[in-house]
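What follows is the residue order along each chain.
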Amino acid sequence: MSYRRRLSEDIPEEDSRIWSCTQQGCKGWMRDNFAFDSSPRCRLCNAPMDIGTRRLPQLINTNGDLKALKKGISIQ
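Residues numbered from 1 in each chain as written. Predicted model: local features only at pLDDT ≥ 70, side-chain atom pairs only at ≥ 80, totals over all residues. Heavy atoms only, no water.

Asker: How should I be thinking about the side chain of R31 in this particular structure?
Answerer: Summarising the element assignment, R31 is placed in strand β2 (residues 29–31). An unpaired buried charge is present at R31: no salt bridge exists, and E14, the closest side chain of opposite charge, is 4.9 Å distant. From its side chain, R31 meets the backbone oxygen of P57 in a polar contact 2.9 Å long. Beyond its immediate chain neighbours, meaning those up to four positions away, R31 contacts S16, R17, I18, L56, P57 and L59. (Helix = DSSP H or I, 4+ residues; strand = E, 2+ residues; numbered from the N terminus. Buried < 20%, exposed > 50% of the residue type's maximum accessible area, 1.4 Å probe, protein only. Lys, Arg positive; Asp, Glu negative; His and termini not counted. Salt bridge = Lys/Arg side-chain N within 4 Å of Asp/Glu carboxyl O. Polar contact = N/O pair within 3.5 Å; in protein donor to acceptor, adjacent residues only side chain to side chain. Contact = heavy atoms within 4.5 Å.)

Asker: What am I meant to see in the environment of G28 here?
Answerer: Residue placement: G28 occurs in the loop between β1 (13–21) and β2. G28 sits in the buried class, given a relative accessible area of 10%. When the C-alpha atoms of G28 and N46 are compared, they prove to be 9.9 Å apart, with 18 residues separating the residues in sequence. Setting aside its immediate chain neighbours within four residues, G28 contacts W19, S20, C21, C42, L44 and M49.

Asker: Looking at this structure, I do not really get the pairing of β1. What am I missing?
Answerer: The side chains of a regular strand alternate between both faces of the sheet. In terms of strand pairing, β1 meets strand β3 (residues 49–57) through 9 bridges, oriented antiparallel. Bridging across to β3, D15 finds its partner in R55. The sheet contact formed by β1 and β2 spans 3 bridges and is antiparallel. Pairing of I18 across the sheet is with R31, part of β2. (Pairing = 2+ DSSP bridges.)

Asker: Where do I start with the sheet that holds β2 in this structure?
Answerer: What holds strands together in a sheet is hydrogen bonding between their backbones, with the strands either parallel or antiparallel. Sheet architecture is open: 3 strands sit in the order β2-β1-β3, paired in antiparallel fashion. Among the strands making up the open sheet, the edge pair consists of β2 and β3. Across the sheet, the axes of successive neighbouring strands diverge by a mean angle of 35°, strand direction being ignored. (Axes fitted to C-alpha atoms, helices over the stretch in contact; angles between N-to-C directions.)

The following block contains the structure:
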């Protein structure tokens, strides 16, 4: 039987800014450009998060700046 060696393509990686959960034992984290708040809370345990960096595959967020979006409708 002949096995063909699968060619692996190189996925470009970059140092990305991330938010990591501060709660002991929680593994929650998110990319900064996908966060809605300027200082988000963990979605898993609702603890505060710290900013950091991590080497991740490159992703492009086409939604623009999510932190600048207005949340909800203003009632007057």
